[in-house]
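# Observations on the three-dimensional arrangement
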Amino acid sequence: MLTRSVLIYLSSQERLKEFATHFKLFKKLTTRFIAGENINEAIAAIRDLNARGCSASFDHLNESVTSPVETEAEVREYLDVLARIDESGIDSNVSIKLTQLGLDISPVLCEELLVRILRRAAELGNFVRIDMEGSAYTERTLELALAMHARYPNCGVVLQSYLYRTAADVERMNQAGVRVRLVKGAYDEPPAIAYPRKADVDDSFRRAMQALLRQGNYPAIATHDEGLISETIAFAAAEGIGSDRFPPQPRKRWSH
Ligand SMILES: Cc1cc2nc3c(=O)[nH]c(=O)nc-3n(C[C@H](O)[C@H](O)[C@H](O)COP(=O)(O)OP(=O)(O)OC[C@H]3O[C@@H](n4cnc5c(N)ncnc54)[C@H](O)[C@@H]3O)c2cc1C
């Protein structure tokens, strides 16, 4: 919990972030959470994961984007990442936060920039996951994900089981065929909108996982909770949901 809050805070603090990446002890601690400080380190980490049978999602941590110039830098970073994934042949998609693309500055700008990334990813046969941020962004993120998915099927989104609204959102995304990554949620939310008790967050996760496995489009069940991972595997087996429902995503080139 502490590490989670510290990481979210750090990702929004430029000077602290710089300090942290040069401080050896901190670096050791964050290796568990952060694959690398630059694209080459991240690619090496992903190669290692791929060799162990895991595919990856490439996420450039930066929640402190406050100007259009910075959003442009983020887009360039992601276009570069997509090209490097393609060239290196690693098995990875990308994840992005809408605030990185200027959601706080202008929704129109944010959409334009997201379209650039989605279009390039589609050309390269890759997939873009929109991360979920704090609750102030939930509805705007889902609306944009739905609108984008209608034009770019390679666009998916994240739902957080700590929010009361998530059961309804799972249904909404399943109906639209939007690929969902299910997580517990990483932000501090008030009891008015989120389960305060961990047991309830886990129950909500369990229900959402089941609905996603039954009716969802290629869901990603993202947790370090080994109990819930085992339950997911057992549920899939009991329901006869085999790996053929989730074939490796072909790297085909689409055009838009
Ligand atoms: C692939 C992925 C993508 C995510 N994307 C988002 C997102 O878009 N939006 C969002 O709000 N949150 C996101 N999260 C974070 C998520 O919401 C949780 O905060 C985080 O995963 C911790 O909860 P948990 O599900 O692992 O379960 P917990 O019940 O918190 O933890 C279960 C066990 O895992 C251990 N653990 C916790 N974190 C880690 C870790 N990093 N490495 C190893 N062990 C750990 C705990 O110590 C505990 O023993 C993402 C998480 C993952 C794995």
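Below, the structure is looked at part by part. (Residues numbered from 1 in each chain as written. Predicted model: local features only at pLDDT ≥ 70, side-chain atom pairs only at ≥ 80, totals over all residues. Heavy atoms only, no water.)

Our next topic: the packing of aromatic side chains. Per the counting criterion, the structure on display carries 1 aromatic pair. Taken together, a centroid distance of 4.7 Å and an interplanar angle of 85° make the contact between Tyr164 and Tyr195 edge-to-face. Of this pair, Tyr164 sits in the loop between strand S4 (155-160) and helix H8 (166-176) while Tyr195 sits in the loop between strand S5 (180-183) and helix H9 (198-215), and the two are 31 residues apart along the sequence. Arg179 extends its terminal NZ or CZ atom over the ring of Phe127, reaching a point 3.6 Å from the ring centre. Sitting over the ring of Tyr218, Arg179 keeps its end group 4.6 Å from the ring centre. (Phe/Tyr/Trp six-rings, centres within 6.5 Å; stacked < 30°, edge-to-face > 60°. Helix = DSSP H or I, 4+ residues; strand = E, 2+ residues; numbered from the N terminus. Lys NZ or Arg CZ within 6 Å of the ring centre and 35° of its normal.)

Close to the ligand lie 18 residues; Lys184, Gly185, Lys198, Thr223 and His224 are nearest. Contact between the ligand and Met132: a nitrogen atom at 2.8 Å from a main-chain N or O atom of the residue. The separation between an oxygen atom of the ligand and a polar side-chain atom of Thr223 is 2.7 Å. When the ligand is considered free in solution it has 920 Å² of accessible area, and contact with the protein chains removes 64% of it. Only S4 and S5 provide two or more residues apiece to the shell around the ligand. Partitioned by chemical class, the residues of the shell around the ligand number 7 nonpolar, 4 polar and 7 charged. (Near = heavy atom within 4 Å. Polar contact = N/O pair within 3.5 Å; in protein donor to acceptor, adjacent residues only side chain to side chain. Areas by Shrake-Rupley, 256 points an atom, 1.4 Å probe, with all protein chains shown as cover. Nonpolar A, V, L, I, M, F, W, Y, C, P; charged D, E, K, R; others polar.)

Turning our eyes to something else, we now look at helix H4 (residues 39-51). The terminal C-alpha atoms of H4 lie 18 Å apart, and with 13 residues this matches the ideal 18 Å at 1.5 Å per residue to within 8%. For H4, the complete set of buried residues consists of Ile39, Ala42, Ile43 and Ile46. Buried residues of H4, seen end-on, are gathered within an arc of 100° and therefore sit on one face of the element. By the N-cap criterion, in which a side-chain oxygen at the helix start approaches the backbone nitrogen of a residue two or three places on, H4 is capped by Asn38, the distance to Asn40 being 3.1 Å. One or two positions beyond H4, positive phi appears at Gly53, with a value near 85°. (Expected span 1.5 Å × (residues − 1). Buried < 20%, exposed > 50% of the residue type's maximum accessible area, 1.4 Å probe, protein only. Arc of directions from axis to C-beta.)

Time to look at the sheet that holds strand S1 (residues 56-59). Taken in spatial order, the 6 strands make up an open sheet running S1-S2-S3-S4-S5-S6, and their pairing is parallel. Two strands in the sheet have a free side with no partner beyond their single neighbour: S1 and strand S6 (220-221). Strand direction decides the pairing type here: strand S3 (residues 128-130) and S4, joined by 3 bridges, are parallel. Counted as the bridge partner of Ile130 is Val157 from S4. The strands touched by H9 within the sheet are S5 and S6, with S5 carrying the most contacts at an inclination of about 160°. (Pairing = 2+ DSSP bridges. Contact = heavy atoms within 4.5 Å. Axes fitted to C-alpha atoms, helices over the stretch in contact; angles between N-to-C directions.)

This paragraph deals with helix H7 (residues 138-151). Spanning 14 residues, H7 covers 20 Å between terminal C-alpha atoms, matching the ideal 20 Å at 1.5 Å per step. Every buried residue of H7 is accounted for by Thr138, Thr141, Leu142, Leu144, Ala145, Met148 and His149. One side of H7 holds all its buried residues, which, seen down the axis, span an arc of 165°. For H7, the secondary structure elements touched by its buried residues are helix H6 (107-123), S3, S4 and H8.

So, about the side chain of Asn154. The residue Asn154 is located in the loop between H7 and S4 in this model. With a relative accessible area of 1%, Asn154 lands in the buried category. Polar side-chain contacts of Asn154 include one of 3.2 Å to the backbone oxygen of Leu118.

Purely geometric numbers; function is a separate question.
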